[in-house]
Each structure stands twice: as C-alpha cells, then as structure tokens.
Amino acid sequence: MEKLVFATNNRHKLEEVSAMTGGTVKIVSLAEIGCHDDIPETADTFQGNALQKAAYVYEHFGLPCFADDSGLEVDCLEGIPGVLSARYAGEHGNSEANIAKLLDAMKGSENRKADFKTVVALILPDGKTEFFEGRVDGVITMEKRGEGGFGYDPIFIPDGYDKTFAELGENIKNKISHRAKAIAALCEYLKRLPK
Ligand code: IMP
C-alpha cells in the first residue's frame, strides 16, 4: 500500500498519525486527494460513523482509508452525549454550551464516572475492514478547570490523575488519551502489514 487516506483535514491529527506510523505508509488528507465533500456522519455509534466516513472515501475515490470518531460517554446519563458530543447543546462545536448542558444534566448526581472513546475504521485496498478502539476512564468535575485542550477537556479528570485534561496539557494527554490509544493500535497493525 503506497498511500493511505486519513478522512480528516485536521492538521494536528494528521501529523500525530504520520509521526506514529514511522513512515511505513504515506498518510494523506482529504484535501490532498481533492475531496472537499461534506461527508455524512449519521450513524448512532462511533463505529458506524467511523465506518461511514472511511467507506465514503473508499467508494468515491477508490483509495484505502481510515477515519475516526470520538466522544464522551457519561455513566449516569447512560452513555450520553456519545455520538452527539460535538453538538450536545444544539450548535456543532459550541463547547461552552455543551459543557454547561452536561453539568446541568448531572446536577445532584454523585456518580461522576465517564469515559472518552475513539473508534478508528480502516478499509484496506481489497475492501477488508478493521476497527481499533481506544478508551480512557475518568470522572466529570463539578465545574470547569483549566484553559488548555478543547471540547470537554476542562471537566474531565482521567483516572490516576487529579487534574483535568485541560490542566494536564497536551504532552500528557497525548500519551494517555482515547485517541492516542486507538491510533497506536492502528499504527501497530499498519506496521505489521506485508509490504
Ligand atoms: P471527534 O469525533 O474527534 O471530532 O470528536 C467529537 C466530539 O467529541 C468533539 O467535538 C468533542 O466535543 C468530543 N471530544 C472528542 N475527543 C475529545 C477530547 O479529547 N477532549 C474533549 N472533547 C473531546
């Protein structure tokens, strides 16, 4: 396999994955293959959404591809916001509103357990599909703490730490996060593929 599409245009994610594969395969973005489509993400599971995105590229561009989908699952809310994480309060990517809604929904709950999950779907040149999952368990704080990160980082404390992802900073987060674990599993698999 000469090149592998990562169904994203997020520079940060691309660089992280390219560094982790150690040059075994050339990872290219959607923009680099001329895909500027708004790829649908309408499934109700992380696995379904990741596969939907990877399959779109495979079917429309005939290239091997992988895609990721992530979110926060809160125990006392039975896994919500889950696949709705980015648009929990209505507007896509409005983290302030999403956090406010979540803290409100958890008001009075002593069970603060939650996890972040990432699923990566990979479609190989012959159409074979593989999934890789990464998960980090933790608790939701009572209020926001820390300035770094994005999304729900200011209210999530990973198990074994006493700071939120936003306080811990990128270096630590990138070693222990759901996304890092899923991508590491993908990279291990890619390294073992026959040349
Ligand atoms: P995506 O699938 O990686 O785009 O993640 C979807 C949504 O889940 C994001 O918009 C965030 O709201 C939330 N999310 C996923 N990963 C993280 C994380 O590492 N920190 C905080 N929020 C996250």
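What you see is a predicted model; the values in this text were computed from it and never measured. (Residues numbered from 1 in each chain as written. Predicted model: local features only at pLDDT ≥ 70, side-chain atom pairs only at ≥ 80, totals over all residues. Heavy atoms only, no water.)

Enquirer: Got a minute to help me understand the site of the ligand in this structure?
Expert: Taken together, 14 residues sit near the ligand, with S70, D153, K173, H178 and R179 positioned nearest. Within the backbone of S70, one N or O atom sits 2.9 Å away from an oxygen atom of the ligand. Taking D153, its side chain carries an N or O atom lying 2.6 Å from a nitrogen atom of the ligand. Across the complex, the protein chains shield 85% of the 480 Å² of accessible surface that the ligand would expose by itself. Assessed atom by atom at 2 Å from the grid points, the ligand resides in the largest pocket. Only β3 (65-74) and α6 (178-192) provide two or more residues apiece to the shell around the ligand. (Near = heavy atom within 4 Å. Polar contact = N/O pair within 3.5 Å; in protein donor to acceptor, adjacent residues only side chain to side chain. Areas by Shrake-Rupley, 256 points an atom, 1.4 Å probe, with all protein chains shown as cover. 1 Å grid on protein atoms, 1.4 Å probe; cavity = no way out; pocket = protein on both sides within 12 Å on 5 of 7 lines; lining within 4 Å. Sits in = over half its atoms within 2 Å of the grid points. Helix = DSSP H or I, 4+ residues; strand = E, 2+ residues; numbered from the N terminus.)

Enquirer: Looking at this model, I keep getting lost on the packing of aromatic side chains. Mind explaining?
Expert: How two aromatic rings sit relative to each other is set out by the distance from centre to centre and by the angle between their planes. The full count for this structure, using the stated rule, is five aromatic pairs. Each ring, one from F116 and one from F165, has its centre 5.9 Å from the other, and the planes form 15°; the classification is stacked. Of this pair, F116 sits in strand β4 (residues 113-123) while F165 sits in helix α4 (residues 165-168); the two residues are 49 residues apart in sequence, bridging distant segments of the chain. For the pair F116 and F165, a shared accessibility class is recorded, and that class is buried. When the centroid spacing of 5.2 Å and the interplanar angle of 40° are considered together, the rings of F156 and F165 count as tilted. Here the aromatic residues F116, F156 and F165 are joined through ring pairs into a cluster of three or more. (Phe/Tyr/Trp six-rings, centres within 6.5 Å; stacked < 30°, edge-to-face > 60°. Buried < 20%, exposed > 50% of the residue type's maximum accessible area, 1.4 Å probe, protein only.)

Enquirer: Just to check I follow, could you spell out the side chain of N49 for this structure?
Expert: Its location among the elements puts N49 in helix α2 (residues 46-61). A relative accessible area of 1% means that N49 is categorised as buried. Within the structure, N49 has its side chain in polar contact with the backbone nitrogen of T42 (distance 3.3 Å). The residues contacting N49, other than those within four sequence positions of it, are E41, T42, A43, D69 and V83. (Contact = heavy atoms within 4.5 Å.)

Enquirer: Sorry, what's going on with the layout of surface pockets here?
Expert: The gaps of empty space that remain are located by a probe, the size of a water molecule, rolled over the atoms. By volume, the largest pocket amounts to about 1,100 Å³. Lining the largest pocket are 42 residues, and of these K13, S70, A86, F150 and R179 sit closest to its centre. Ranked by the residues each element gives to the lining of the largest pocket, the list is headed by β3, at four residues. Of the residues assigned to the lining of the largest pocket, the class counts are nine nonpolar, 20 polar and 13 charged. Its volume calculated, the second largest pocket comes out at about 180 Å³. Lining the second largest pocket are M1, T24, V25, L124, P125, L190, K191, L193, P194 and K195. Partitioning the lining of the second largest pocket into residue classes produces seven nonpolar, one polar and two charged. (Points joined across faces, edges and corners; volume = space filled by probe spheres on them. Nonpolar A, V, L, I, M, F, W, Y, C, P; charged D, E, K, R; others polar.)

Enquirer: Just to check I follow, could you spell out the environment of F150 for this structure?
Expert: Note that F150 resides in the loop between β5 (129-140) and β6 (156-158). Excluding residues within four positions of it along the chain, F150 makes contact with K173 and R179.

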